[in-house]
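Residue-level structural notes
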Amino acid sequence: MEGGKSFVRRDRLLEIEAKARTWWEEKDVFRAEAGDKRPEPGEKFFGNFPYPYMNGFLHLGHAFSLSKLEFAAAFHRLRGANVLLPFGFHCTGMPIKASADKLAREVKQFGDPPVFPTEVEEQPGEEPEPEDPNGGAPASAVKFKGKKSKAASKSSGQMYQWEIMQSFGLSDSEISKFQNPYNWLSFFPPLAMEDLKAFGLGCDWRRSFITTDMNPYYDNFIKWQMRKLKAMGKIVKDVRYTIYSPLDGQPCADHDRASGEGVLPQDYTLIKMEVVSPYPPKLSSLEGKKVYLGAGTLRPETMFGQTNAWVLPDGKYGAFEINDEEVLIITHRAALNLAYQNFSKVPEKPTCLVELTGYDLIGLPLKSPLSFNEIIYALPMLSILTDKATGIVTSVPSDSPDDYMALHDLKSKPAFRAKYGVKDEWVMPFEIIPIIDVPDYGDRSAEKVCNDLKIKSQNEKEKLAEAKRLTYMRGFYEGTMLVGEFAGRKVTEAKPLIRSKLIEIGQAIVYSEPEKRVMSRSGDECVVALTDQWYITYGEPEWKKLAEDCLSIMNLYSDETRNGFVKTLGWLNQWACSRSFGLGTRFPWDEEFLVESLSDSTIYMAYYTVAHILQNGDMYGSGSSSVKPEQMTDEVWDFVFTGGPYPSSSDIPSSILHKMKQEFEYWYPFDLRVSGKDLIQNHLTFCIYNHTAIMSKNHWPRGFRCNGHIMLNSEKMSKSTGNFRTLRQAIEEFSADATRFSLADAGDGVDDANFVFETANAAILRLTKELSWMGEVLEAEASLRTGPLSTYADKVFANEINIAVTLTEQHYGNCMFREALKTGFYDLQAARDEYRFSCGAGGMNRDLVWRFMDVQTRLITPICPHYAEYVWREILKKNGFVVRAGWPTADSPDLTLKAANKYLQDSIVLMRKLLQKQILGSKKANKKGAPVTSLTESNLKGLIYVNEQYDGWKEECLKILQTKFDSRNRSFATDQEILDELKSSSVAQATNFKQVQKLCMPFLRFKKDEAVSLGSQALDLRLPFGEIEVLSENLDLIKRQLGLEQVEILSGTDPDALAKAGSLVSLLNQNPPSPGNPTAIFLTI
């Protein structure tokens, strides 16, 4: 008991799981050995998962993505395939180094062990920390609370690193060692392996490895890959704009980021708007220098129409020294970005000569490039964002709705001008200058759209957003220049030409910044830097074509995933692949740099095929091995992986060389890689590119399956809110199989899934109750009915088992595990329960019960393998392992029998409603004194009337619909055609046609909808089985379900049968039976 709650059932599952793992380990069940020859399709399955970062415990985000691979691999193993599921541990890059450095800074600041301030304050407004299902954000082994020490209440809302390490259960003396990043590599991977074994992962652990130079074999492998790419011209040194961490002093790629993954540099044209001398007193110290307002714009071709510049009155600006002669007035944030782009007198350190606010800039006279107005002025705008571009905005009211309305407000509101000290001469003389002709909007598009939308003020944000949506892209893609050197040319053609000319003559510069805020794992806000480093030439046309070819033949399991790859291939360009700091592999030709973490993880799936030979089962590659790291020359790697010639100069024994090549050729290509969808934009696309460059086409990847993130109980998973579970916590709380059960139930699509604690707890109950039921049934096995399947219930249940086997196989094969759980467990259990009740006093068939237990055990094996293994061995007393037992055989499902049983069950529900209605009706009538047959709830007889075929006008309607239905497309001719056919039919000849037509129309609509949904069988005149026969075979069940003494099944078209209804025949007339809808009346015996 814990807190008044019993955990006996969960603890039983945990005991079962420990037993099952012992059985598997004793026989090394998941060890994967390559065959002697290349496998035929379906004979082998190689699946893998992006190795997680080792700077913390694995959490349920990891487990969710991994479960998709585990279920798929277990399914293929169960079906008899030779399965390889390996697992590695990623240590490259900044995550571990950043955590170690944080620890070192805390020790330096607060001592060893650190003494943090003890004051505690509430943190009600904490932002949940984003979680990456494949990332490695440190996970606490306990729930994080909403209260923290004041020292821990940093701007990021994070705990101190020391506190996080304490939550792992480490002592202070142990924590201090983690200032050395390599200590993390020794500590966390073995713990992750323990957790994954407890999870039941069917992994060949001999092939596990860590990355970085701590593993000399993997380090050698990555160096070979880099040399290979460089020799092909796919790694080059270049100067490019890159997201950059000033604190780390190096580029910050996606997996180096705490937030902002996928964010790219955004290029602007920074227009140099010269401040006209003499300068105002605030700028007097700058006399003798050229001072500019620096306005960032995405539309330099519109500069002809400038009427003013905009500044934010309360905005913080500075006058920054660009070189000895020039000063730019911009925001501090923009200045920092420019300092890393060679626009600062002191590189990487902005020099602010004067601190300013927007108020200081209002009224500055400016000479702006291309403007037809010789002098324009800086004016106030209240909607400027200082975290976008430079905080200075050019005003082109002819084409910008925001500019048009802001200028309109200044002109029409004297009080507004007075508030900000704006003189009339700075505003009133300036009129719209037409510069671009836009189809449907003319040469003053902003004015027209604002008038059309009746916008009255710059404060109408939603309307202005709509105005911009209507005109901005239209103006750019369809507009024609009316002025300037490129008048008459399309805007799309003129923009790059005008931009280039402005930059060439020194009136503008290129400015770049992150599209959105990016925070590095070291805790600083990133900038865009112009860096000279090594790049991989993704996006190069010929290489891109190979990547597209590979993508076209891959199984991606969803259109959304495919669209994500197509989009990524469209924009992905050169990728910075080198870093100066962190952990990893050094570039073999330039040891100043390390290979960054997304570039040493693109073809490592191939390394799994030989890792066990090279490392001899030691994940660090530090144990004894018959192959030394230095023996793995480029010629050896080429021989093993790329079809290169036999390396005659190698001193590695020939048998080992051929064994490595055999392993690779057998297992490759991999069949499935499972990942969170966020890796489409980098890792997974890199994987495609690198395989097409290095591997032959027959070794290109075959499939990626991408999923969304996982929520816990419909809320975002977050350590800071306490809505978080490590994998270890989940197993301790629910057991491994109940956790896996809930992961399977969480969802299969690309949208975010939902792990529900109630589902996991319900799984504990379901699985343990099923164990008890099977035990009870087998104890009383002698009482079960023997012999062949003889009853209707037997046949229905046997058919339901066949259906479950067939559908569940399809769902597993399509990686639709929630559906597999439904058909292979929930539906099968429901069918078993229905069978138990349907059998009545005759009892269940022994052979059928045994088949059910066998089939259900196999079908649940991929999801709950420990439970299934226990049932297989301890309850069913079968030999071997259920994980390799083979997929159950099954006859083809009898869909007619399934439909007949559904008809039976639906009919019983319908009859129960009719019985209750008749009983209640009789009571009400008796109260009113009306003459009616009185009914009690005992001693009842049921008369069930059936009409097995449509007749009369319904028959005619169906025949018309049959001729007007396209079964291939499930569509009908027009309603008018159907109506015309009805008017020319025999129904139309009836004297009461108008009355009948009123009945026909809703019936036609109903059957049309049914046919579109179910197919042409919905238009048949009768059901594909005999209704009277089905009901007659199940009289005992009907009597038990409805509590009747007697039941008769009668034809609704037989006068003698109708006569039995006596005075209640009116009920039949009110509700006549039709195919699929019997009518019942009830009498007291």
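Quick notes on the rules
Residues numbered from 1 in each chain as written. Predicted model: local features only at pLDDT ≥ 70, side-chain atom pairs only at ≥ 80, totals over all residues. Heavy atoms only, no water. Helix = DSSP H or I, 4+ residues; strand = E, 2+ residues; numbered from the N terminus. Buried < 20%, exposed > 50% of the residue type's maximum accessible area, 1.4 Å probe, protein only. Contact = heavy atoms within 4.5 Å. Areas by Shrake-Rupley, 256 points an atom, 1.4 Å probe, with all protein chains shown as cover. Lys, Arg positive; Asp, Glu negative; His and termini not counted. Charge placed at Lys NZ, Arg CZ, Asp CG, Glu CD. Salt bridge = Lys/Arg side-chain N within 4 Å of Asp/Glu carboxyl O. Pairing = 2+ DSSP bridges. Core = buried A, V, L, I, M, F, W, Y, C linked by side-chain atoms within 4.5 Å. Phe/Tyr/Trp six-rings, centres within 6.5 Å; stacked < 30°, edge-to-face > 60°. Lys NZ or Arg CZ within 6 Å of the ring centre and 35° of its normal. Expected span 1.5 Å × (residues − 1). Arc of directions from axis to C-beta. Axes fitted to C-alpha atoms, helices over the stretch in contact; angles between N-to-C directions. Parallel < 35°, antiparallel > 145°, perpendicular 65-115°, else oblique. Left-handed = near helix turned anticlockwise from the far one by under 90°. Nonpolar A, V, L, I, M, F, W, Y, C, P; charged D, E, K, R; others polar. Polar contact = N/O pair within 3.5 Å; in protein donor to acceptor, adjacent residues only side chain to side chain. pLDDT = per-residue confidence, 0-100.

The next thing to look at is the overall build of the chain. When you go through the chain residue by residue, the secondary structure sums to 35 helices and 35 strands. By principal-axis analysis of the C-alpha atoms, the chain measures approximately 115 × 85 × 65 Å. Relative to its 1085 residues, the chain shows a buried fraction of 55%. Counting only contacts in the chain whose residues sit at least 6 apart along the sequence, the fraction spanning at least 24 positions is 77%. With the model as given, the accessible surface of the chain reaches about 45400 Å², and the carbon-plus-sulfur share is 51%. The positive charge centre, built from 128 side chains, and the negative charge centre, built from 143, are 3 Å apart in the chain.

Further remarks concern the pattern of salt bridges. When their charged atoms lie close together, side chains carrying opposite charge are able to pair. Under the defined criterion, the tally for this structure stands at 65 salt bridges. Between R785 and D794 there is a salt bridge, and its shortest N-O distance comes to 2.7 Å. Judged by relative accessible area, D794 falls into the buried class, the value being 0%. Residue K959 is joined to E955 by a salt bridge in which the shortest nitrogen-to-oxygen separation is 3.1 Å. Of this pair, K959 and E955 are both found in helix 29 (residues 952-963), four residues apart, which corresponds to roughly one turn of the helix.

The next thing to look at is the sheet that holds strand 21 (residues 527-536). Read across the open sheet, the four strands follow the order 6-5-21-22; overall the sheet is antiparallel. The open sheet has two free edges, formed respectively by strand 6 (250-251) and strand 22 (575-576), since each of these has just one partner strand. In terms of strand pairing, strand 5 (residues 235-245) meets strand 6 through two bridges, oriented antiparallel. Bridging across to strand 6, S245 finds its partner in Q250.

F87, F89 and F755 are the most contacted members of the largest nonpolar core, which totals 124 residues. Once you skip the residues sitting within four places of it in the chain, F89 turns out to touch Y51, P52, M54, P189, A192, M193, W205, S208, F209, I210, T211 and M619.

Looking now at the sheet that holds strand 30 (residues 753-755). Strand order in this open sheet of three strands is 29-28-30, and the pairing throughout is mixed. Each of the sheet's edge strands pairs with one partner strand only, and the pair in question is strand 29 (715-716) and strand 30. Direction of pairing for strand 28 (residues 710-712) relative to strand 29: antiparallel, over a ladder of two bridges. Within strand 29, the residue paired with M711 across the bridge is K716.

Overall, the coordinates contain 75 aromatic pairs when judged by the stated rule. Ring centres of F46 and F670 lie 6.3 Å apart, and the angle between their planes is 80°; this geometry places the pair in the edge-to-face category. One end of the pair, F46, is in strand 1 (residues 44-48); the other, F670, is in the loop between helix 19 (654-667) and strand 26 (672-676), with 624 residues separating them in the sequence. Residue F670 is classed as buried on the basis of its relative accessible area of 0%. For R240, the ring lying beneath its charged end belongs to Y535, and the centroid distance is 5.9 Å. Directly above the ring of F837 sits R1040, whose terminal nitrogen or CZ lies 5.0 Å from the centroid.

This part is about the pairing of strand 19 (residues 508-514). The element strand 19 is extensively covered by neighbouring structure, given that seven of its seven residues are classed as buried. One ladder, built from seven bridges, connects strand 8 (residues 265-275) with strand 19; its direction is antiparallel. Counterpart to T269 in the pairing with strand 19 is V510.

To continue, consider helix 1 (residues 8-27). Here helix 1 spans 29 Å end to end across 20 residues, near enough to the 28 Å set by a 1.5 Å rise per residue. Every buried residue of helix 1 is listed here: R10, L13, I16, E17, A20, R21, W23 and W24. For helix 1, the buried positions fall inside an angular range of 160° around the axis, keeping them on one side. Exposed residues pointing more than 90 degrees away from the buried face of helix 1 are listed as V8, E15, E25 and E26. Of the surrounding elements, those touching the buried residues of helix 1 are helix 6 (181-199), helix 21 (727-734), helix 22 (736-745), helix 23 (757-779) and helix 27 (865-875). One or two steps after helix 1, the chain reaches D28, where phi turns positive at roughly 50°.

This part takes up the environment of N342. Checked against the element boundaries, N342 lands in the loop between helix 8 (332-339) and strand 13 (352-357). Here N342 falls in the exposed class, since its relative accessible area comes to 60%. C-alpha of N342 to C-alpha of G787: the two residues are 445 residues apart in sequence and 89 Å apart in space.

Most of strand 12 (residues 326-330) sits out of view: five of its five residues are buried. Side chains E326, L328 and I330 of strand 12 all project onto a buried face; the interleaved residues V327 and I329 project onto the opposite face, where all are buried too. Bridge count for strand 9 (residues 290-297) against strand 12 is four bridges, and the pairing is parallel. Across the sheet, residue Y292 finds its bridge partner in strand 12, namely L328.

Closest axis-to-axis distance for the helix 17 (residues 605-615)/helix 18 (residues 634-641) pair is 11 Å, and the angle between their directions is 120°. Between helix 17 and helix 18, the angle is such that the two are oblique. Along this stretch, helix 17 crosses helix 18, giving a crossing that reads as right-handed. In this structure, helix 17 uses A606, Y607, T609, V610 and L614 to contact helix 18, whose residues at the interface are W637, V640 and F641. Grouping the amino acids of the contact of helix 17 with helix 18 by side-chain chemistry returns seven nonpolar, one polar and no charged.

What follows deals with the environment of G202. If you trace the backbone, G202 turns up in the loop between helix 6 and helix 7 (216-231). The exposure class assigned to G202 is buried, which follows from its relative accessible area of 1%. When the C-alpha positions of G202 and K983 are compared, they lie 67 Å apart, and in sequence the two are 781 residues distant.

Next up on the list: the side chain of S368. The residue S368 is located in the loop between strand 14 (365-367) and strand 15 (376-380) in this model. Among the polar contacts listed, one links the side chain of S368 to the side chain of Q306, at a separation of 2.6 Å. If near-sequence neighbours (up to four positions away) are discounted, S368 is found in contact with I271, M273, Q306 and I376.

What follows concerns the packing of helix 22 against helix 25 (residues 817-839). The N-to-C vectors of helix 22 and helix 25 enclose an angle of 115°; their axes lie 7 Å apart at closest approach. Contacts between helix 22 and helix 25 involve F741, A744 and D745 from the former and F817, R818, L821, F825 and Y826 from the latter. Split by residue class, the contact of helix 22 with helix 25 holds six nonpolar, no polar and two charged.

To continue, consider the confidence of the model for the chain. Looking at the chain as a whole, the pLDDT averages 91, with 95% of positions reaching at least 70. Below a pLDDT of 50 lies the segment residues 120-157, which in the model reaches 116 contacts outside its immediate sequence neighbourhood of four places, other chains included. Here residues 926-932 is modelled with pLDDT under 50, and outside its nearest four sequence neighbours on either side it reaches five contacts, counting other chains as well.

On to unusual backbone geometry, then. Residue P113 is reached from D112 by a cis peptide bond, and omega for that bond is 0°. Here P113 lies in the loop between helix 3 (95-110) and strand 3 (120-122). Its identity as a non-glycine residue notwithstanding, E348 has a phi of 65°, on the positive side. Within the secondary structure, E348 sits in the loop between helix 8 and strand 13.

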